[in-house]
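# Observations on the model geometry
Chain by chain, the residues:
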Amino acid sequence: MTPGLSREDGQLKIRIMKGLELTPLRLVLLLAGIGFLFLLPAIARNTGNLPIRVRPIYRGMVLGLAAVGLNFLLRHADLTSFGHAAFFGTAAYTVAIMVQIFDIQSAVVLMAVAVVAATLMAALVGYFTLPHEGLYFALVTLAFGQLAFSIPVGISELGGTDGLNALTGASGVPIGEQYPRLGGLFFNGQEVPNTILFWVTIVIVVISLLVMYRLIRSPFGSALDAIGQQRTRARFLGLPVKRYVWAAFIISGIYGGIAGALYALFFSTSIDPGSTLQVFVSGDILYIAILGGFKTLTGPFIGGIVFETLSNVASDVVITGPAGETEVGRLITGAVLLVIVFGFPSGIVGSLKPGGRVYEAGRTLIRNPSVVGPWSRQAGRGVVDAGRRAVKNVRILIMGVK
Amino acid sequence: MVLGTPLTIGDLLQPERFITQTINGLQAGFVLFLIASGLTVILGILDVLNLAHGELYALGAFIASSVGGYIVGTGANAIVSPPSGFDPVSSFAFVGVLILIALITALIMVPIGAIVETTLIRPIYERSQVYQLVLTFAILLIIADIVTLVWGSDPQQLAFSTKQAVNDIPSFELVGLGNIPTLVLMVILVSLGLGVALFWFFGRTKTGRIIRATAIDREMATALGVSTDRTFTLVFALGSFLAGFAGAMQFVITRAQTGMGEQALVLSFVVIVVGGLGSLRGAVVGAVVVGVLQNWMIVINPDFQTAAPFAVMVLILLVKPEGLFGTWGERT
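Residues numbered from 1 in each chain as written. Chains lettered and ligands numbered in written order. Predicted model: local features only at pLDDT ≥ 70, side-chain atom pairs only at ≥ 80, totals over all residues.

## Here's the deal with the overall build of chain B
What counts, and what does not: Starting at the N terminus, helices and strands are each numbered in turn, a helix being any DSSP run of H or I of at least four residues and a strand any DSSP run of E of at least two. With C-beta atoms placed from the backbone, a residue is buried if 20 or more other C-beta atoms are within 10 Å of its own, exposed if 12 or fewer are, and partly exposed between those counts. Working definition of a contact: two residues with C-beta atoms, positioned from the backbone, lying within 7 Å.
The secondary structure content of chain B amounts to 13 helices and two strands. Projecting the C-alpha coordinates of chain B onto the three principal axes gives extents of approximately 60 × 50 × 40 Å. By the burial criterion, 51% of the 332 residues in chain B qualify as buried. Restricting the contact set of chain B to residue pairs at least 6 apart, pairs at least 24 apart contribute 80%.

## Focus on the overall build of chain A
Condition: Only the C-alpha atoms count toward the radius of gyration. The rule for a globule is 2.2 Å times the residue count to the power 0.38.
Each helix and strand in chain A was counted, giving 16 helices and seven strands. For 402 residues, the compact-globule estimate of 2.2 N^0.38 gives 21 Å, and the C-alpha radius of gyration of chain A, at 23 Å, lies within 12% of that figure. With the C-alpha coordinates aligned to their principal axes, the bounding extent of chain A is approximately 80 × 65 × 55 Å. Going through the 402 residues of chain A one by one, you find that 43% of them count as buried. For chain A, the proportion of contacts with a sequence separation of at least 24, taken over those separated by at least 6, is 69%.

## Looking at the environment of G260 of chain A
Residues and elements named next belong to chain A. With respect to the secondary-structure elements, G260 resides in helix α9 (residues 241-266). Judged by C-beta crowding, with 34 C-beta atoms within 10 Å, G260 ranks as buried. For the pair G260 and D284, spaced 24 residues apart in sequence, the C-alpha separation works out to 14 Å. Once you skip the residues sitting within four places of it in the chain, G260 turns out to touch F87, F88, G89, T90, A91, A92, A114, A118 and T276.

## Focus on unusual backbone geometry
Residue D78 of chain A is not a glycine yet carries a positive backbone phi of 55 degrees. Its identity is not glycine, yet D47 of chain B carries a phi of approximately 60 degrees, on the positive side. On the neighbour-count criterion, D47 of chain B (16 C-beta atoms within 10 Å) is partly exposed.

## What about the environment of T205 of chain B?
All names here are of chain B. As for its placement among the helices and strands, T205 is situated in the loop between α7 (182-204) and α8 (206-216). On the basis of neighbour count, T205 is assigned to the exposed category, with 11 C-beta atoms found within 10 Å. Expressed as a C-alpha distance, the spacing of T205 and A102, which sit 103 residues apart in the sequence, is 24 Å.

## With respect to the domain arrangement of chain A
Residues and elements named next belong to chain A. The condition is simple: Annotation comment: domain bounds sourced from an automatic or database domain assignment.
What the domain assignment reports for chain A is domain 1 (1-49) and domain 2 (51-347). For domain 1 and domain 2, the distance between their C-alpha centroids amounts to 25 Å. Each partner contributes residues to the interface: domain 1 has eleven residues there, and domain 2 has 13 residues. If you tally residues by element for the side of domain 1 that touches domain 2, the top one is helix α1 (residues 24-46), at seven residues.

Here you go:
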């Protein structure tokens, strides 16, 4: 089916591709969002006091892309991976090894090889985690993630804990041209190549999201939904459960791989285990999916940008404790996560879209501003009740039920 | 391109070296058992994969550094100076003091664990498991920063003179293994004692049986009048107790430092996979295997020291995906 206009129930819809039809308003919002992303490098350049920086936002975009992959497993197959950094890091390290040791600088080749490497990694890890579900799946993926982390740490040729950089070691190459390149453009961290890489990444992300959209609406996606709800039932329906879960795991790993390769092209001078393979990176990817809203398609990606901006701001916060001044970035991100888990379990996008908590609250507020009073009373009562419950719990705990 | 340094298995086969590494491995394994047993029991009963467990262990180590610092001093600043050389009375008194430090630390961890369970984890039992993971991850982040906020990022050590006093007790020297400190023996024996107590608790006491019954069938236990809420809090507090005790042991033998929790957490996962979900016996075997293997690897090839436990895990997953000892509950 070709792109075009159609009318459904008197509502004008614009068809982008097969299965994807948007109302004009949503299309405008979407285009505005993408346009805003394209303008971000310029905004970051021209504003000093806003928390908009190209580096964290880029990191957020690629981690968000990895989170989109993780979300594919989480949302449809009901599997929580806690080891997605393995694919992210495999791709990043592949880029570094290809540039540094094999002197390949073409970004297209690098991307392709890195994604293949990540796919193989995902196939391998997926094979081992296949029999497991629920928490055990999370545990096993985490352990595999840590295995992937311990390999470069242990092998001194891969730089140990210092990691590698993606600069070619070939002789006779000027310093500015040692970086990965796209055509004649070297990604050497200067403003122009940085901005172009940023834009290329946006395009790749949009394509990846469209592919994911099609995938979710394909028979394969529906089959995964069935598997996620009840594996036994899905098997009785004749679905090849293991093969489908494995395929979903690999697809999810490919997204991690694309993200990792893009990360390595941008941060080519510092590809270290701590920022690409560590368990905290896996945790961040899961965090991002939850923050953005794991019941939505675009949520994880948006969550990535919000998360990195938040951690960038939070890492500047210093509290003076008994041991002197300490940065408390993790404390703040952890506290935000608590708020998300208890207050907004459907995440940012999930809360903002129609039917979401914030959206509905906003609509009620516009229709009848006087609800603020009952709301604040309700909130106060909620806090008091929670306190009472806590006291009661502790009392029962100590004295028993009397 | 040759990856890493070559394997030198021959070095490990020298008898003295082999025994030394194995004993060091046992010590590491027993401490790991204390951590992993708490994690595995929490997982088996509460059905919560507590990602913050490693940070509870690290928190225990730092609390022990404060408790120990208060009682005997830290690093080169000893408060109590033992006489130099082996003096039976003072040396054994210091052993008692170290055990006391560990016990106080573990007891401090009990209310911390109980509060974390009742206030944060309890509200989400009914919800999707992904929220548990994310919630415990949030607790991990928060505890990690609280630790650096309170104790800073420098490693903390127990007073050297206290360690020396314990090491002056002749132990391994008597059998010709002079390079193993007596502290190692002390940690092995104390952890072993606690491990035995744990098996006794779950196997012989009424509370332990109630906990196991809850693990086997939560609804049935409730129907028989067991308060699952209380059991859950108790189990979480017990896990915190064990993590705190393990942290104190680790602090006594080496130091308390940032980042120790993360490593312990991941190794505990390996232990659970190797031993089997929720199995205490499995935790013993898994922890000893991981500890000993890592210490053998120091001699064979230090590059593979971190990767070796995961190789074992992959092997177990291939051969026996449910772990060496199946699910816990029916047996300890």
